[in-house]
Amino acid sequence: MTNLTGRGPVNMVKGMRRFAPLLLAWLAAPLAAAQPADGTHAALRAEGTEPPLTEEDLAFGEPVELYDPSERALESFHAALRRAEAGEDQARILVYGASHVAADLFTDEVRQRLQARFGDAGRGYVMPALPWRNYRPQGGLSVLSSNRWEGLRVRANSRDVDPLGVAGMAVEADSRSAWGRIDTGEQTANRFVLHFLMRPEGGSFDLRLDGRRVARIATRSDTIEAGVYRVESIPDAHHTLEVRPQGDGPVRLFGVSVEREQAGVIVDTMGLNGARAVSHLQWQDEIHRAYLRQLRPSLVVLAYGTNESGDDDHPVSTYEEELRSVVGRIRGTVPEASCLLIGPSDRPMRGEDGEMIDRPRTHQVVEIQRRVSRDFGCAFFDLLEFSGGALSMVRWAGTEPPYAQRDLIHFTGRAYRRLGEVLHQTLMEGFD
């Protein structure tokens, strides 16, 4: 790894009230067919004909008991939290997943709660330019860029292996008119760690902090390898970090870790709309492992399965083999880190008679994730149980306020926040 250091100025809902008459009436209303879980987050509301339910009529998102046969899956993570609480170290959580994670809503809730108790060690991993148009990380930080960047990531129908860093995505540009900017906004930082690709045809780019150039970084190398540049020993304050390619070759950037040089917690959100767990196997292995080791996570979370539950043409046995390969690679790279699998959410489908019915493959994916988590010493959080089991998305899309969107795949913002609250409670079980 090329490392350059610069110094310059991330079961059914138990408390649900009985509202079967309202539910049946709502189910009789027209309902749009569920769409692929591609990460669309339009704020759509269900259209019911009955009086809306109040929040007192139901309890959304009951606590979920973590599946952990070893009763030791989170030991390493809890030890890191204790060191952070004592002011000795940082505890870092890497959360991988699809659109549930990409929204950075439940992850931000976990981030806020952990940092409030154990210390704020920084916003964590973000992209230095927009990888897609609606990329909006939470937490008061903003990312802006010109439209000269190409967003790179694994596509569902591709099997090519590509250098995509630690998050499975990158931005690339070769134009002098391209620029990308991170504004820490409400956040403060005193360290930025930039990840980029070194390669034979690589170009150079300027790195600017608060309007002043701190380095011109060349990414040309005889071999393909992971590049790192650090900006540190700067005031812990609001900053803007800007990247500007020089037009002498393509520049590929993987991300920037926005940090504070102090004990505390960092939560990195690494979600990709439409992703599957197998996507990890299409990220160039050596580069991914190099960055994963460098970040030193205390806990790695894999939140996949909702998209896989709709892959009916993909044998479940093959899915299990792929998931084992992904978990095995992470465990082999950072064996000291705890690991957690978060299962698929409910994803109902329309039956032959037009009624919404349960999707059997969802339950197969849940059982596979349980087996894999047990065999690799990981914990498992059942997202299907959290939301209330089969057809829960139909119920929650019909409440007022709604907790699920009309696509019957994604939750609403308030539901994601509730998920973050429950997940935080679950992660803290046994800590005190």
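Here the structure is a predicted model, which means the values were calculated and not measured.

What counts as what
- Residues numbered from 1 in each chain as written.
- Predicted model: local features only at pLDDT ≥ 70, side-chain atom pairs only at ≥ 80, totals over all residues.
- Heavy atoms only, no water.
- Axes fitted to C-alpha atoms, helices over the stretch in contact; angles between N-to-C directions.
- Helix = DSSP H or I, 4+ residues; strand = E, 2+ residues; numbered from the N terminus.
- Left-handed = near helix turned anticlockwise from the far one by under 90°.
- Contact = heavy atoms within 4.5 Å.
- Salt bridge = Lys/Arg side-chain N within 4 Å of Asp/Glu carboxyl O.
- Buried < 20%, exposed > 50% of the residue type's maximum accessible area, 1.4 Å probe, protein only.
- Pairing = 2+ DSSP bridges.
- 1 Å grid on protein atoms, 1.4 Å probe; cavity = no way out; pocket = protein on both sides within 12 Å on 5 of 7 lines; lining within 4 Å.
- Points joined across faces, edges and corners; volume = space filled by probe spheres on them.
- Nonpolar A, V, L, I, M, F, W, Y, C, P; charged D, E, K, R; others polar.
- Phe/Tyr/Trp six-rings, centres within 6.5 Å; stacked < 30°, edge-to-face > 60°.
- Lys NZ or Arg CZ within 6 Å of the ring centre and 35° of its normal.
- Disulfide = S-S within 2.5 Å.

1. Let's talk about the packing of helix α6 (residues 316-333) against helix α7 (residues 360-375)
Two quantities define a packed helix pair, namely the angle between the axes and the distance from one axis to the other. Remark: α6 packs on α7, axes separated minimally by 10 Å, with the N-to-C direction vectors making an angle of 35°. Relative to α7, α6 is oriented so that their crossing is right-handed. Note on element contacts: α7 touches α6 through R361, Q364, V365, I368, Q369, R371, V372 and D375, opposite V316, Y319, E320, L323, R324 and V327.

2. What about the pattern of salt bridges?
By the definition in use, this model includes 34 salt bridges. We note a salt bridge from R72 to E75, for which the minimum N-O separation is 3.3 Å. With a relative accessible area of 56%, R72 lands in the exposed category. Notably, a salt bridge pairs E85 with R117, separated by 3.4 Å at the nearest N-O pair. Placement of the pair is E85 in helix α2 (residues 75-85) and R117 in helix α4 (residues 106-118), with a sequence separation of 32 residues. The exposure class assigned to E85 is partly exposed, which follows from its relative accessible area of 43%. Relative accessible area serves as the criterion here: at 38%, R117 is assigned to the partly exposed category.

3. Brief notes about the pairing of strand β7 (residues 180-183)
Residues in a regular strand project their side chains so that they alternate between the two faces of the sheet. Of the two faces of β7, the one lined by G180 and I182 is fully buried and the one lined by R181 and D183 carries no buried residue. In terms of strand pairing, strand β4 (residues 142-145) meets β7 through four bridges, oriented antiparallel. Note on β7: the bridge partner recorded for S142 is D183. Of the strand pairs in this sheet, β7 and strand β12 (residues 240-245) are connected by four bridges, and their pairing is antiparallel. Residue pairing for β12: I182 is matched across the bridge by L241.

4. A word on empty space enclosed by the protein
What the largest cavity holds in volume is close to 120 Å³. Lining the largest cavity are 17 residues, with A98, H100, A303, Y304 and T306 positioned closest to its centre. Of the residues forming the lining of the largest cavity, the biggest block, three residues, is contributed by helix α3 (residues 99-102). Class assignment for the residues of the lining of the largest cavity results in 10 nonpolar, six polar and one charged. By volume, the second largest cavity is sized at about 80 Å³. If you trace the second largest cavity, you find it lined by I93, V95, F106, T107, V110, V267, V301, L340, I342, L423 and L427. Sorting the residues of the lining of the second largest cavity by element identifies β2 (90-97), α4, β16 (338-342) and α10 (413-427) as the ones contributing at least two each. Per element, the largest residue contribution to the lining of the second largest cavity is three residues, and it comes from α4.

5. Notes on the packing of aromatic side chains
With the rule as written, the count across this model stands at 13 aromatic pairs. In textbook terms, an aromatic cluster arises when at least three aromatic residues are bridged by ring pairs, as seen for F60, F381, F386, W396, Y403, F411 and Y416. Lying over the aromatic face of Y67, R370 brings its terminal NZ or CZ to 4.9 Å of the ring centre.

6. Examining the state of the cysteines
In this structure the tally under the stated criterion is one disulfide. Between the sulfur of C339 and that of C378 lies a disulfide, 1.8 Å long from S to S. Classification of the bridge connecting C339 and C378 rests on its S-S torsion, roughly -95°, and on that basis the disulfide is left-handed. Of the two residues, C339 is situated in strand β16 and C378 in the loop between α7 and β19 (379-381); the sequence distance between them amounts to 39 residues. Like C378, C339 is buried.

7. Observations concerning the sheet that holds β7
Pairing in this open sheet of five strands is antiparallel, and the strands run β4-β7-β12-β9-β10 from one edge to the other. Every other strand in the sheet has two partners, leaving β4 and β10 (212-218) as the edge strands with one partner each. Strand-to-strand twist of the sheet, defined as the mean angle between neighbouring strand axes without regard to direction, takes the value 15°. Alignment of strand β9 (residues 204-209) against β12, held across five bridges, turns out to be antiparallel. The residue of β12 that forms the bridge with L207 is V243.

By themselves, these are just geometric observations and shouldn't be taken as functional.
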